[in-house]
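# Coordinates in review
Below are the chains, spelled out letter by letter.
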Amino acid sequence: MKSYEVNFDGLVGPTHNYGGLSYGNVASQSNSQQSSNPKEAALQGLAKMKALMDMGFQQGVLAPQERPDVAALRRLGFAGSDAQVIQQAAKEAMPLLVASCSASSMWVANAATVSPSADTADGRVHFTAANLNCKYHRSIEHPTTSRVLGAMFANPQHFAHHAALPAVAQFGDEGAANHTRFCRAYGEAGVEFFVFGRSAFDTRYPAPQKYPARQTLEASQAVARLHGLREEGVVYAQQNPSVIDQGVFHNDVIAVGNGEVLFYHEDAFLETDKMLAELSGKLAKVGGKFQSVCVPRSAVTVDDAVRSYLFNSQLLSRPDGSMLLIVPEECRSNERVWQYLQGLTGAGGVIREVKVFDLKQSMQNGGGPACLRLRVALNETELAAVNPGVIMTAPLYDSLTHWVERHYRDRMTENDLADPQLLLECRAALDELTQILKLGSVYPFQIN
Ligand code: SUG
């Protein structure tokens with residue numbers, strides 16, 4: 001049976017702004033308070049989806065969330081009508097209003113961890129929504145994420161959904177951004193690679209000194225258990241704490257894998273050789289031949305990687321077995337990174353081509369091409385069971401583009417977030433979106 005990797009991209013929501021909310025994420029911190037352009041952000045994301053679809057890849061779309069999250073503000077003690085809640089928060093606690101307005105659900109690599117059916121004990125595709133418990137503005141995403149994923153992958157015969165892990169730092173889980181799957185073919189059993197930043201219960205593991213490690217070993221292990229993965233099909237590795245302290249807040253900022261290939265920076269992991277041997281051994285047991293492409297620090301520094309997002313790229317398989325790398329424009333403007341990429345694609349190895357996309361609106365909050373997509377490997381039968389409303393087609397692209405043109409503002413600052421009218425605009429837009437994507441009622445304003 002045919003199988004595919006389907007990339008579901010997060011549609012940027014109408015409140016996209018630069019809130020400076022993510023300590024440890026260099027771009028989020030350094031662009032704090034700049035004015036943003038939600039319309040441009042959404043169109044940049046849609047252009048990437050359309051381009052990948054036109055290249056022949058399977059592409060889907062994941063809906064944004066209701067923001068401002070008035071219910072979240074009410075839980076923090078703000079009361080009255082929706083407009084009063086927003087105005088009171090703006091007056092007394094602007095950072096909380098900003099957090100409740102973040103469009104951060106666009107970075108769907110953090111929406112969930114997904115295990116394809118070939119890896120799981122019950123032969124279903126498993127999803128665990130990420131609790132994103134390290135940052136308040138992200139911790140409020142998972143209830144809606146779960147409803148949206150449930151509406152996209154609704155058939156219980158093929159899809160199993162798990163609620164987010166307990167919402168404490170010891171089970172901090174950031175979803176697919178710290179998870180990679182290696183395989184010979186998408187429909188065959190593979191090896192799932194979980195990368196954590198610290199252990200919550202075992203003090204023998206080192207931890208970063210400056211910035212938080214968002215993913216714990218215990219969270220990754222819990223996800224593997226929930227999904228029914230075999231021990232032989234799982235590898236755990238620790239991220240190098242010193243790169244977290246240099247701004248690598250998720251592993252997908254310093255490594256990306258696809259098929260049998262891991263593309264990574266020399267400083268990405270601890271005990272790299274042991275980890276590579278384990279990946280290679282376990283992949284061999286399911287018939288695969290592991291290949292690693294290491295980028296030496298002499299060619300690209302960790303700082304270059306963080307600024308250019310070289311590794312936050314999408315590594316995609318082409319029909320002839322070679323691979324294509326989708327990188328952000330920032331890679332072309334970094335001389336060392338661009339030179340490295342020229343050498344890489346010219347060397348006759350597995351990565352043959354680089355395509356550049358302008359995703360500046362998202363990049364300025366630390367979200368590159370890989371952050372914007374959630375990968376779901378599906379066989380033909382499973383793909384046919386996905387809600388067809390969320391699979392990208394030329395007409396859907398046109399509808400979504402017009403929808404953005406009609407509903408989005410082209411400038412957003414803190415003052416705009418305090419405007420109660422914004423909530424009404426967002427709800428009107430999202431209500432229409434659920435009809436375009438055939439999601440049913442998934443937002444708090446639709447179900448309460
Ligand atoms: O969680 N930025 C996101 C970026 C997530 C990127 N995802 C992956 N690497 N997979 C974060 O730090 C910034 C929001 C703000 O500051 O307004 C933010 O949430």
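Rules behind the numbers
- Residues numbered from 1 in each chain as written.
- Predicted model: local features only at pLDDT ≥ 70, side-chain atom pairs only at ≥ 80, totals over all residues.
- Heavy atoms only, no water.
- Near = heavy atom within 4 Å.
- Polar contact = N/O pair within 3.5 Å; in protein donor to acceptor, adjacent residues only side chain to side chain.
- 1 Å grid on protein atoms, 1.4 Å probe; cavity = no way out; pocket = protein on both sides within 12 Å on 5 of 7 lines; lining within 4 Å.
- Sits in = over half its atoms within 2 Å of the grid points.
- Nonpolar A, V, L, I, M, F, W, Y, C, P; charged D, E, K, R; others polar.
- Points joined across faces, edges and corners; volume = space filled by probe spheres on them.
- Helix = DSSP H or I, 4+ residues; strand = E, 2+ residues; numbered from the N terminus.
- Pairing = 2+ DSSP bridges.
- Axes fitted to C-alpha atoms, helices over the stretch in contact; angles between N-to-C directions.
- Contact = heavy atoms within 4.5 Å.

### Concerning the site of the ligand
With respect to spatial proximity, 22 residues lie near the ligand, and among them L21, S22, H137, D252 and C371 are the closest. Residue G20 places a main-chain N or O atom 3.1 Å away from an oxygen atom belonging to the ligand. The pocket occupied by the ligand, as judged from atoms lying within 2 Å of grid points, is the second largest cavity. Residue composition of the shell around the ligand, by class: 7 nonpolar, 12 polar and 3 charged.

### Considerations on empty space enclosed by the protein
Evaluated as defined, the whole model comprises 7 cavities of 30 Å³ or more. Estimates place the volume of the largest cavity at around 230 Å³. Lining of the largest cavity is provided by 16 residues; of these, E5, V114, H179, R181 and R375 occupy positions nearest its centre. When residues of the lining of the largest cavity are traced back to their parent elements, those giving at least two are β6 (179-182) and β15 (373-379).

### Here's the deal with the sheet that holds strand β9 (residues 255-258)
Read from one edge of the open sheet, 3 strands run β9-β10-β11, paired in mixed fashion. Each edge of the sheet is formed by a strand with only one pairing partner; in this case those strands are β9 and β11 (291-295). Averaged over all pairs of adjacent strands, the angle between strand axes in this sheet comes to 10°, irrespective of strand direction. Pairing geometry for β9 and strand β10 (residues 261-265), over 4 bridges, is antiparallel. If you follow A255 over to β10, its bridge partner there is Y264. Across the sheet, helix α10 (residues 272-285) touches β10 and β11, and the angle it forms with β10 is around 170°. Along the sheet, helix α13 (residues 335-346) makes contact with β10 and β11, crossing β11 at roughly 150°.

The values reported here are purely geometric and, on their own, carry no functional implication.
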